[in-house]
Amino acid sequence: MPEGLPKGANPREQNIDRGIYRDIMKSLLNEDCTPNTFHLKNKGISILAEEVTKAENDEELVVRFSSPEQGIVDGGHTYEIINSGKSKIAELNQGEGNSINQYVKIEVLTGIDSNLITEIAGGLNTAVQVQRMSLADLGNEFEWIKEELAKKNFLQYVAFKQNEVKDFDARDIVRLLDLFNISEFPNNGTAYPIRAYTSKESVLKHYLMKEDGQKEYVDNYRRLCPILNDILILHDTISAYGRDLYNEGGGKRGGRLKFIEGDSKGHKLFKFPFIEKEGSYRLSGGALMPMLGAFRAAVIEDPKSKNIIWRNGGFSDVIRLWKEAAKDLMETTQETSEELGRNPNAIGKSKKHWAFLHNMIQRRIG
């Protein structure tokens, strides 16, 4: 196993000093298990690459990477465990009667559209996240969210347990709240909630974080309780109507924008449950999240309750603001898309873009 493989496509850092990963290391070292069966009990390593070719000796394969977003997309922990255990294996194999001879499955995907990298990474790296979500639900960490969703009959669309199949899950709700978390991302232009796009797991871990026994970070999210359902409605509204408002404003080619998903033939209908709508088009996550996050400029802290609320005019004023600003937000996103090679994933990671959209809404509010 070569060292130094890139891991740009992997959405989380690897921490192998945990119980489950210590057990994997034991399997690698043939401890308390049937010897040399590591490859039968491990799902392996998935890699995104530009191309794979045979070496001149015709016995090895050469994997070439051409983008910082390529590399190990799933199995980063397995990769670290193997490299960490190689010296131990060599040491053990010097002993009498030891013969550790392990294999691991390697899958290399080439020809993948860069726009799909985030979706692929998110899909392949859900096991630990979903488990954490389910355990948090058992610990009643989401009760206040459930209570608020029930007020609008939105609870039916959100999963909180592993293997529940619904349009959204608790991680989605928490990361949408993170977009309006002015406790950590104040409206002074010093920080932007980009992590809400790049890593559901990171936001979920942050939501569940405790310091000195106090749920400090959970309180930052709980303060958003008064606008939670409004955020979900705004999310679906922007995603469902962004293309149409762009066209009505003079764009007229919204369906061809690279950050618009869908087609005019309606081969796939997208669901927007919080506004009770289906449509043939929606914004990709890389375009939607910075656009939605820009409306963080429309919230303030209630001096009495310390909760986060909409500015004067309430949510109806926010919807009006969206309709007025939609064309400019879409055009700016299109300009950013062109600058970044029409890559929706790159849009979602661009701090400059997040800042620009936020400033646009802030200027309109005055």
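Residues numbered from 1 in each chain as written. Predicted model: local features only at pLDDT ≥ 70, side-chain atom pairs only at ≥ 80, totals over all residues. Heavy atoms only, no water.

**Some remarks on the packing of aromatic side chains**
And then number 1: Overall, the coordinates contain eight aromatic pairs when judged by the stated rule.
And then number 2: Following the ring pairs from residue to residue traces out a cluster consisting of Phe-142, Phe-160, Tyr-207 and Tyr-221.
And then number 3: The aromatic ring of Phe-160 is capped on one face by Lys-146, whose charged end is 5.0 Å from the ring centroid.
And then number 4: Arg-243 extends its terminal NZ or CZ atom over the ring of Tyr-281, reaching a point 3.7 Å from the ring centre. (Phe/Tyr/Trp six-rings, centres within 6.5 Å; stacked < 30°, edge-to-face > 60°. Lys NZ or Arg CZ within 6 Å of the ring centre and 35° of its normal.)

**Some details on the side chain of His-358**
And then number 1: Mapped onto the fold, His-358 is located in helix α15 (residues 351–365).
And then number 2: If near-sequence neighbours (up to four positions away) are discounted, His-358 is found in contact with Asn-187, Tyr-192, Gly-293, Ala-294, Arg-296 and Ala-297. (Helix = DSSP H or I, 4+ residues; strand = E, 2+ residues; numbered from the N terminus. Contact = heavy atoms within 4.5 Å.)

**Details of the nonpolar core**
And then number 1: Counting residues in each nonpolar core, the largest one holds 72 residues, and the members touching the most others are Phe-142, Ile-145, Phe-180, Leu-234 and Phe-295.
And then number 2: When residues of this core are assigned to their parent elements, the largest contribution, nine residues, is made by helix α13 (residues 314–339).
And then number 3: Apart from residues no more than four positions distant in its own chain, Leu-234 is found in contact with Phe-180, Leu-292, Phe-295, Phe-315, Val-318, Ile-319 and Trp-322. (Core = buried A, V, L, I, M, F, W, Y, C linked by side-chain atoms within 4.5 Å. Buried < 20%, exposed > 50% of the residue type's maximum accessible area, 1.4 Å probe, protein only.)

**A few points about the packing of helix α6 (residues 143–151) against helix α11 (residues 228–248)**
And then number 1: Taken N-terminus to C-terminus, the directions of α6 and α11 make an angle of 65°; their axes are 9 Å apart at the nearest point. The way α6 lies across α11 gives a crossing that is right-handed. Each of Trp-144, Ile-145, Glu-148, Leu-149 and Lys-151 in α6 lies in contact with α11, whose residues at this interface are Leu-228, Asn-229 and Leu-232. (Axes fitted to C-alpha atoms, helices over the stretch in contact; angles between N-to-C directions. Left-handed = near helix turned anticlockwise from the far one by under 90°.)

**Observations concerning the pairing of strand β1 (residues 45–48)**
And then number 1: Judged by which residues are buried, β1 turns out to be covered on both faces: Ile-45 and Ile-47 on one side and Ser-46 and Leu-48 on the other are all buried.
And then number 2: By the bridge criterion, four bridges tie β1 to strand β5 (residues 106–109) in an arrangement that is parallel. Looking at the pairing, Ile-47 lines up with Val-108 of β5.
And then number 3: Where β1 and strand β4 (residues 71–74) come together, three bridges link them in antiparallel fashion. Its bridge partner lying in β4, Ser-46 is registered against Asp-74. (Pairing = 2+ DSSP bridges.)

**Remarks on the sheet that holds β1**
And then number 1: Read across the sheet, three strands follow the order β4-β1-β5 without closing on themselves; strand pairing throughout is mixed. The sheet is open, and its two edges are formed by β4 and β5, each paired on a single side. Adjacent strand axes in the sheet meet at a mean angle of 35°, parallel and antiparallel pairs treated alike.

**Regarding a nonpolar patch on the surface**
And then number 1: Together, Val-52, Leu-61 and Val-63 make up a nonpolar patch on the protein surface, roughly 230 Å² of accessible area in all.
And then number 2: Owing to a relative accessible area of 60%, Leu-61 belongs among the exposed residues under this scheme. (Patch = residues over 30% accessible without salt bridge, like charges linked within 9 Å, V, L, I, M, F, W, Y side chains within 5 Å. Areas by Shrake-Rupley, 256 points an atom, 1.4 Å probe, with all protein chains shown as cover. Salt bridge = Lys/Arg side-chain N within 4 Å of Asp/Glu carboxyl O.)

**What to know about unusual backbone geometry**
And then number 1: Here the phi dihedral of Asn-30 falls at roughly 60°; this positive angle occurs in a residue that is not glycine.
And then number 2: Here Asn-30 shows up in the loop between α1 (19–28) and α2 (38–41).
And then number 3: Classification of Asn-30 as buried rests on a relative accessible area of 18%.

**Description of helix α12 (residues 285–293)**
And then number 1: For α12, the tally of buried residues reaches eight of nine residues, placing the bulk of the element in the interior.
And then number 2: Taken as a whole, α12 has its buried residues at Gly-286, Ala-287, Leu-288, Met-289, Pro-290, Met-291, Leu-292 and Gly-293.

**So, the pattern of salt bridges**
And then number 1: For the structure on display, the rule yields 25 salt bridges.
And then number 2: A salt bridge links Lys-7 to Glu-80; the nearest nitrogen and oxygen atoms lie 2.4 Å apart. In this pair, Lys-7 sits in the segment before α1 while Glu-80 sits in helix α3 (residues 76–93), placing the two residues 73 residues apart along the sequence.
And then number 3: Classification of Lys-7 by relative accessible area gives partly exposed; the value is 27%.
And then number 4: Take Glu-80: its relative accessible area is 26%, and that puts it in the partly exposed class.
And then number 5: The shortest N-O distance in the salt bridge between Asp-172 and Lys-200 comes to 2.8 Å. Of the two residues, Asp-172 sits in helix α7 (residues 170–178) while Lys-200 sits in helix α9 (residues 200–208), which places them 28 residues apart along the sequence.
And then number 6: For Asp-172, a relative accessible area of 9% translates into the label buried.
And then number 7: Linked through salt bridges whose partners overlap, the residues forming this network are Asp-137, Glu-143, Lys-146 and Lys-161.

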